[in-house]
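# Fold and geometry: a report
Here is how the chains run, residue by residue.
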Amino acid sequence: MTKLSLPAKAYLLACDVGKNKLRDRQRTGLMIRGAALTDLVLRGRVADDDGKVAVSGAGPTGDLVLDEMLTEIAGESPRKWKWWVRKDARGTLEALESQLDTAGVIDMKTGRVLGLFPSRNPIVRDTATVDRLRASVDQALRGPSPASDVDAGDAALTALAAAVELRDVIPGKDRRRYKDRIEELAERGGDALPALRKLFRELRAVRASAVSSGGS
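The sections below set out a description of the structure shown in this document.

Definitions and cut-offs
Residues numbered from 1 in each chain as written. Predicted model: local features only at pLDDT ≥ 70, side-chain atom pairs only at ≥ 80, totals over all residues. Heavy atoms only, no water. Pairing = 2+ DSSP bridges. Helix = DSSP H or I, 4+ residues; strand = E, 2+ residues; numbered from the N terminus. Expected span 1.5 Å × (residues − 1). Buried < 20%, exposed > 50% of the residue type's maximum accessible area, 1.4 Å probe, protein only. Polar contact = N/O pair within 3.5 Å; in protein donor to acceptor, adjacent residues only side chain to side chain. Axes fitted to C-alpha atoms, helices over the stretch in contact; angles between N-to-C directions. Parallel < 35°, antiparallel > 145°, perpendicular 65-115°, else oblique. Contact = heavy atoms within 4.5 Å. Nonpolar A, V, L, I, M, F, W, Y, C, P; charged D, E, K, R; others polar.

On to the pairing of strand 4 (residues 52-55). In this structure, strand 3 (residues 46-49) lies alongside strand 4, joined through four bridges in antiparallel fashion. Looking across to strand 4, one finds that Val 46 is bridged to Val 55. Between the antiparallel neighbours strand 3 and strand 4 lie two residues, among them Asp 50 with a positive phi of about 55°.

Before going further, it helps to examine helix 7 (residues 152-163). The end-to-end C-alpha separation of helix 7 is 16 Å, in line with the 16 Å expected for twelve residues at 1.5 Å each. Counting buried positions along helix 7 yields nine of twelve residues, so the element is predominantly enclosed. Here helix 7 has its buried residues at Ala 155, Ala 156, Leu 157, Thr 158, Ala 159, Leu 160, Ala 161, Ala 162 and Ala 163. Between the side-chain oxygen at the start of helix 7 and the backbone nitrogen of Gly 153 there is a gap of 3.0 Å, and the oxygen is on Asp 151. Within two residues after helix 7, Glu 165 carries a phi angle of roughly 55°, on the positive side.

A separate point is the packing of helix 1 (residues 6-14) against helix 6 (residues 127-142). Here helix 1 crosses helix 6 at 100°, and the two axes come no closer than 9 Å. The orientation of helix 1 relative to helix 6 falls into the category roughly perpendicular. Taking contact as the criterion, the partners of Lys 9, Leu 12 and Leu 13 in helix 1 are, on helix 6, Thr 129, Val 130, Leu 133, Arg 134 and Val 137. For the contact of helix 1 with helix 6, a count of residues per class yields five nonpolar, one polar and two charged.

Worth remembering: the numbers are spatial, not functional.
This is how it looks when you write it as C-alpha cells:
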C-alpha cells in the first residue's frame, strides 16, 4: 500500500498505539464506512442524487475496500447516505484491517478474551505515521489557513475524527471551540459526514440509555 486511503488514515487515528488496540470497534466501524464514502466523493466516484448515494464514475479505484463499496452501491437500489454509512460497518472494518495487515501497515493479533470472546488487536508498525496524521488534523483544525484552503483529505479526516468524537485526537473542548471551523471542513467532504455524525449520536444515546437502565 503505497498511499493510505482515507479509511486507512481514519483507522490509524482510532488506534491506541501505546496499548496496541482499537479503543472502540463499533465507533471505528461507523467512521470507516463514513470515511470510505467520503473518499469516493473526493475521488468523484459517488455523488448525491436527491439525498441518495449514486455512482458517478467508471472503473476501479485500485483500493480493495473502496472498490467493494462501489460494487455494493452499484448493485443496490438507491439508498440514503445514512443507510450506507451503517451498512455492514463491522465487515468493512475487518476488510480494512485485513488489507492493512497484508500491506504491512499493521500486525493484526487475534485471540480470545477469557478463552471465549474473540479479540482483534492492531499493532501499528510505524507509529510515526499516526503522529503525522495527528499533526495534519491539528493543522487543519487550528492552522491559520482558511478552511477552504486546507487539503481536502485533511479536512475530511479532521471532520471524521470530530464526528465520532475521538477525544484523544480532538478533545471535547476543542470540538466546541472550533465548532464552526469543523463545520466548514466537513462541508468539503460531502453528505456522508453529517450522516455519520447523526449515527454516532444515536449510538451514544443508545449506550447512555443502556448504562442508565443497568444502574436503575
